[in-house]
Structure formats: structure tokens, C-alpha cells
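Structure at a glance
Here is how the chains run, residue by residue.
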Amino acid sequence: MSAPAPPDGLDDLPPLRDVLAGAGLSADKRFGQHFLLDLNVTRKIVRLAQLGPDQPVIEVGPGPGGLTRALLEAGLRVIAVEKDPRFLPVLAQLAAAAPGRLTVVEADALAVDEAALAGGGPASIVSNLPYNVGTPLLVKWLTGAFRPVSMTLMFQKEVADRIAAPPGGRDYGRLGVLAQALCHAEKVMDLPARAFTPPPKVASAVVRLTPLAEPPPAALVDALQTVTAAAFGQRRKMLRSSLKVLGGEALCEAAGLDPNARAETVPVAGFLRLAAVMGKR
Ligand code: SAM
């Protein structure tokens, strides 16, 4: 999975709890801060990410650096984007322990240009995401100009379940259709709230998303978002009714779908056909 770890000072770093205490740092709710301080957990996330050794990893929200340490231990190059400047000194110590392999950027991940961060080359994204911006960040990475090699992301469990949901259940909706139209999406790990410091109110889960080799073109993705917004906006209604303004029964029939079906029974391929028919009109 990874290159042999180069000699560096990572083994000599103090435990993360001591790093937080020593720097007088506590979690700030405004930044969605729930830390992973057990390196066994962060190492497992890095293993599940199945990262290639040659590409850098963009990590959003390193905080005290638990996940960052595991990425560096695996021999990877990391570009970490952190919005809370209080963590910059402890991250600078981490960078000194892995010379040349950790770049820390103080920025809002919603506003950064990932392609520029990665120096114009490919990169994966790994993050224990701040819950308050997790979904907007995922939508940015799914639909933006930069296409990550892979994304291994911690969400609150309910969001992770929606991303990977198959058709036919309550969890299946707009986010899952968008993610699965563009990526292979798989929930790879569940974590209880007590795994975090401080514990959040809900459980969490890690999702690994691998972009498809031949994704649908941007115009089709735009049409897909329009059609799923209408279909799931009124998910209890039949498609003939929920999609009325977009073409209703005729649109469904042109896409080979039963106009009496409800949104949650339509597979991703069915939504893509609806989007393709809409695009032609
Ligand atoms: N990676 C650390 C860990 O696993 O212990 C911290 C994870 S914590 C859930 C989320 C992190 O994202 C915090 O460090 C927080 O300051 C940072 N953060 C919050 N909003 C951000 C944003 N818009 N851009 C970049 N970082 C952000």
C-alpha cells in the first residue's frame, strides 16, 4: 500500500492527548471539532483508504494531527488544510518530524483550489470531516473541476448511510444518487461516538469513494441534480406527479421508467436516463 517509512521523528512524538494539553487546546464547536486521539483508529482509516504511495493526500481539518500522523507513518506526502489557526504550531512540530512531507495550509476547505494544492497532479482526499460542512465539501469534490483519485471520508453515520444507500429504502436520496452516479461508494468503517474527543451526539462512519473511470459529463450531472431534486423533493408521490414540470409521464416513458414508480425505487441508471432525456429536450 505504501512506501517504506523513511527515517524521521514520528516515533518520538508525544501522545496526542499530551499535545492538546501541552498547547492548551480544547475543541471548538464552531469548527465541528471532534478529535481522534487513538492512533490505532487513524492507522486503520489510512489502511482502508488504500492509497497509492506516489500521490499526495489532501487532508481537510488535521486539527491536532491524529490522522495526519497515520498518513505520514504510511510514508505519504500530505497537504493539510486547516481553518482553525490555533493548531498551526502543533502541526508545525509534526511537519518537522516528517521533513518535506507535510505542508499545512491555513484556509477554508470550501474555498481552496485542490488542483493548485496538489501542484496540478493527481491526489486523494482523506478527512475526518467537520460535520457542519461535510456534505457541501463532498458535493464540491463530486461536481467540481478537481477529480480526486479517491476520497476516504468520515461523516456522521446517517450521512454515510445516505451516500452508500442502495435504492428501495429511506436512506436512498439525492446525495446517494449523485455520489453513486460519479463514484463507487462504500461504507468501510463504523465508529461509535465514544471514539472521539469530545464525543459528538451521534455515531460516525467512514465512506470510501472511488470516482468512476468514465464519469457522466458535467451537463448530464447538472440535469441529474435537477431531476433528483424534483423527484426526492416529493418522494412519496409517483414520478408522473413529482416530475410534472420536467415532463411528467412522457419524460418517464422516454427514459423507460414506470410513471407510477416512486423516486426511492428508481436505480441510479434510471435517474441518469431521465437526465439524458431532459438534456435532449
Ligand atoms: N483530523 C482531526 C482528527 O481526526 O482528530 C480533526 C477532525 S475534526 C472532526 C474537524 C477539523 O476540521 C478540525 O480541525 C476543524 O478545525 C477543521 N475544520 C472545520 N471547518 C473547516 C473548514 N471549513 N476548512 C478546513 N478545516 C476545517
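Before reading further, recall that the structure is shown in the block above.
Notes on the structure follow. (Residues numbered from 1 in each chain as written. Predicted model: local features only at pLDDT ≥ 70, side-chain atom pairs only at ≥ 80, totals over all residues. Heavy atoms only, no water.)

Let us now look at the nonpolar core. Among the nonpolar cores identified, the biggest contains 38 residues, and Ile45, Val46, Leu51 and Leu71 are the most heavily contacted of them. Those elements giving two or more residues to this core turn out to be α1 (16-22), α2 (39-49), α3 (66-73), β2 (78-82), α4 (88-97) and β6 (183-191). One finds Ala109, Met151, Ala160 and Leu175 within the second-largest nonpolar core, a separate group that totals 31 residues. (Core = buried A, V, L, I, M, F, W, Y, C linked by side-chain atoms within 4.5 Å. Buried < 20%, exposed > 50% of the residue type's maximum accessible area, 1.4 Å probe, protein only. Helix = DSSP H or I, 4+ residues; strand = E, 2+ residues; numbered from the N terminus.)

A word on the pattern of salt bridges. Any two side chains of opposite charge can pair, so long as their charged atoms come close to each other. Enumeration over the complete set of coordinates arrives at 13 salt bridges. With a shortest N-O distance of 2.5 Å, Asp28 and Arg30 are connected by a salt bridge. Between Arg235 and Glu264 there is a salt bridge, with the nearest N and O atoms lying 2.8 Å from each other. Pair noted here: Arg235 is in the loop between α9 (218-233) and α10 (239-242) and Glu264 is in the loop between α11 (248-254) and α12 (268-280), with a separation of 29 residues, a long-range link. For Arg235, a relative accessible area of 25% corresponds to the partly exposed category. Look at Glu264 and you get partly exposed, because its relative accessible area is 24%. Among the charged side chains, a salt-bridge network with shared partners connects Lys157, Asp161, Lys187 and Asp190. (Salt bridge = Lys/Arg side-chain N within 4 Å of Asp/Glu carboxyl O.)

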